[in-house]
Amino acid sequence: MKAIVQDEYGAPDDVLELRDIDPPAPEDSSVLVRVDATSVNPADWHLIRGVPYIARLQLGLRRPHHTVPGCDVAGQVEAVGANVTGFRPGDEVFGSPFLRGFGTFAEYVCVPADLLTHKPENLSFEQAAAVPLAATTALQGLRDHGRIGPGKHVLIVGAAGGVGTFAVQLAEHWGAEVTGVCGTGNADLVRSLGADHVIDYTRVDFTRGARRYDVVFQLSGTRAPSDYLRVLTPGGTLVLAGGDSDGRWIGAVDRLLAARLLAPFVSQRLTSLTVAPSTADLALLRDVIEAGEVTPVIDRSYRLDELPAAIRYLEQGHARGKIVIVP
């Protein structure tokens, strides 16, 4: 099969190579999926470049443990392991083997059965591939960490990105009053997703406005945790789930450490999110998608052999929604 292979860390154009390799075989509790589409996530370029360096403690110190990257998959089941009962060949599925094998930048991938579920019937494979990691991040950040609910005032920083476009729709679905922070060119998109208010960060310092929020979901930018305290209600919650950083050693982890040090001295909850893909959350997402409450936003698609270009585009930080890869 054809797959994108990475033997070392570095720039995408230098270390990613399209090769013919043997297809994987499913283990007892995994499923072999023919990849009809996958998508690009910030986790991919961090894995490919091996930055921040602290991530190599988990990904591989000198070279990546997993030589075929890729976090999302939508496709058809080719074969199942001996212990798998919920899927059979021909089923249309989607899911994410994030931190449990990766490998979706290929024509076939083996995925643990507990990370897959049946694809939403109203989505194409390309649309479904945009969902797993980004939408699960949005779901877990708002529900589990933000404790979102009807009437809550939610500020989503990075509302036009891959996670942000799902977060706006999910927050609206759960009855929150949503304010999205984005650049000038993305305001109409964020409004179309259901945001009640939109702030253009290039024109307004949203951390110094009069409005206060019960939840701030931080997905982009370089703001320190202390900056967000100005716009949180006294019992509000800051959920740190991303952001930009030039630091090669610990990257955005410096903000997580700052939040942890600050937390004992303030009335607000300061928390960070590490996404944990699960079948239950994928099933919930499938239900709201099939109900028409959430729709993936796709910026553009690339072929598998164009993956380095897709990664470069993602790294620029201007993608509207998700970037999809097709074999």
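The structure this text deals with has already been given above.
All figures in this text were calculated on a predicted structure; none of them were measured in a lab.

Rules and cut-offs
- Residues numbered from 1 in each chain as written.
- Predicted model: local features only at pLDDT ≥ 70, side-chain atom pairs only at ≥ 80, totals over all residues.
- Heavy atoms only, no water.
- Helix = DSSP H or I, 4+ residues; strand = E, 2+ residues; numbered from the N terminus.
- Rg over C-alpha atoms; globule rule 2.2 N^0.38 Å.
- Contact = heavy atoms within 4.5 Å.
- Areas by Shrake-Rupley, 256 points an atom, 1.4 Å probe, with all protein chains shown as cover.
- Lys, Arg positive; Asp, Glu negative; His and termini not counted.
- Charge placed at Lys NZ, Arg CZ, Asp CG, Glu CD.
- Pairing = 2+ DSSP bridges.
- Axes fitted to C-alpha atoms, helices over the stretch in contact; angles between N-to-C directions.
- Buried < 20%, exposed > 50% of the residue type's maximum accessible area, 1.4 Å probe, protein only.
- Parallel < 35°, antiparallel > 145°, perpendicular 65-115°, else oblique.
- Nonpolar A, V, L, I, M, F, W, Y, C, P; charged D, E, K, R; others polar.
- Left-handed = near helix turned anticlockwise from the far one by under 90°.
- Phe/Tyr/Trp six-rings, centres within 6.5 Å; stacked < 30°, edge-to-face > 60°.
- Lys NZ or Arg CZ within 6 Å of the ring centre and 35° of its normal.

Enquirer: Describe the overall build of the chain, naming the residues involved and giving the relevant values.
Expert: Across its full length, the chain holds 11 helices and 15 strands. Taking 20 Å as the expected radius of gyration for a compact globule of 327 residues, we find that the chain reaches 19 Å, a close match to that expectation. For the chain, the spread of C-alpha atoms along the three principal axes comes to 60 × 45 × 35 Å. Counting only contacts in the chain whose residues sit at least 6 apart along the sequence, the fraction spanning at least 24 positions is 69%. When the accessible surface of the chain is summed, it comes to about 14200 Å², and 49% of that surface belongs to carbon and sulfur atoms. Computed over 30 positive and 39 negative side-chain charges, the separation of the two mean positions in the chain equals 7 Å.

Enquirer: Describe in detail the sheet that holds strand β9 (residues 177–182), supporting the description with residues and values.
Expert: Pairing is parallel in the open sheet, where 6 strands are placed in the order β10-β9-β8-β11-β12-β13. The open sheet has two edge strands, β10 (197–200) and β13 (269–272), and neither has a second partner. In this sheet, neighbouring strand axes are inclined to one another by 15° on average, regardless of whether the strands run parallel or antiparallel. For strand β11 (residues 213–218) and strand β12 (residues 232–240), the ladder comprises 5 bridges, and the chain directions are parallel. Bridge pairing links Val 215 to Thr 237 in β12. Contacting β8 (153–157), β11, β12 and β13, helix α5 (residues 132–145) runs over the sheet at an angle of about 150° to β11.

Enquirer: Can you lay out unusual backbone geometry for me, pointing to particular residues and giving the numbers?
Expert: At Leu 99, a position not held by glycine, the phi torsion is positive, near 65°. In this structure, Leu 99 sits in the loop between β5 (92–95) and β6 (108–112). Despite not being glycine, Phe 102 shows a phi value in the positive range, around 50°. Inspection of the secondary structure assignment puts Phe 102 in the loop between β5 and β6. Taking the relative accessible area as the measure of exposure, Phe 102 reaches 3% and is therefore buried.

Enquirer: For the packing of α5 against helix α10 (residues 279–290), give the residues involved together with the corresponding values.
Expert: Viewed as axis vectors pointing N to C, α5 and α10 meet at an angle of 95°, and their least axial separation amounts to 10 Å. The angle between α5 and α10 falls in the class roughly perpendicular. Along its contact with α5, which presents Pro 132, Ala 135, Thr 136, Leu 139, Gln 140 and Arg 143, the element α10 presents Asp 281, Leu 282, Leu 284 and Leu 285. For the contact of α5 with α10, a count of residues per class yields 6 nonpolar, 2 polar and 2 charged.

Enquirer: How would you explain the packing of helix α2 (residues 42–49) against helix α11 (residues 307–315) if you had to name every residue and give the values?
Expert: Axis separation between α2 and α11 bottoms out at 10 Å; the angle between their running directions is 110°. When the axes of α2 and α11 are compared, the pair comes out roughly perpendicular. Read as a crossing pair, α2 and α11 show a hand that is left-handed. Only Ile 311, Leu 314 and Glu 315 of α11 make contact with α2, whose side of the interface consists of Pro 42, Asp 44, Trp 45, Ile 48 and Arg 49. Considered class by class, the residues forming the contact of α2 with α11 number 5 nonpolar, no polar and 3 charged.

Enquirer: Any details on the packing of aromatic side chains? Residues and values, ideally.
Expert: The tally for this structure, following the rule as stated, stands at 2 aromatic pairs. Ring geometry for Phe 98 against Phe 102: centres 6.0 Å apart, planes inclined by 90°, an arrangement best described as edge-to-face. The same class applies to Phe 98 and to Phe 102, which are both buried. Against the face of Phe 125 rests Lys 119, its NZ or CZ located 5.2 Å from the ring centre.

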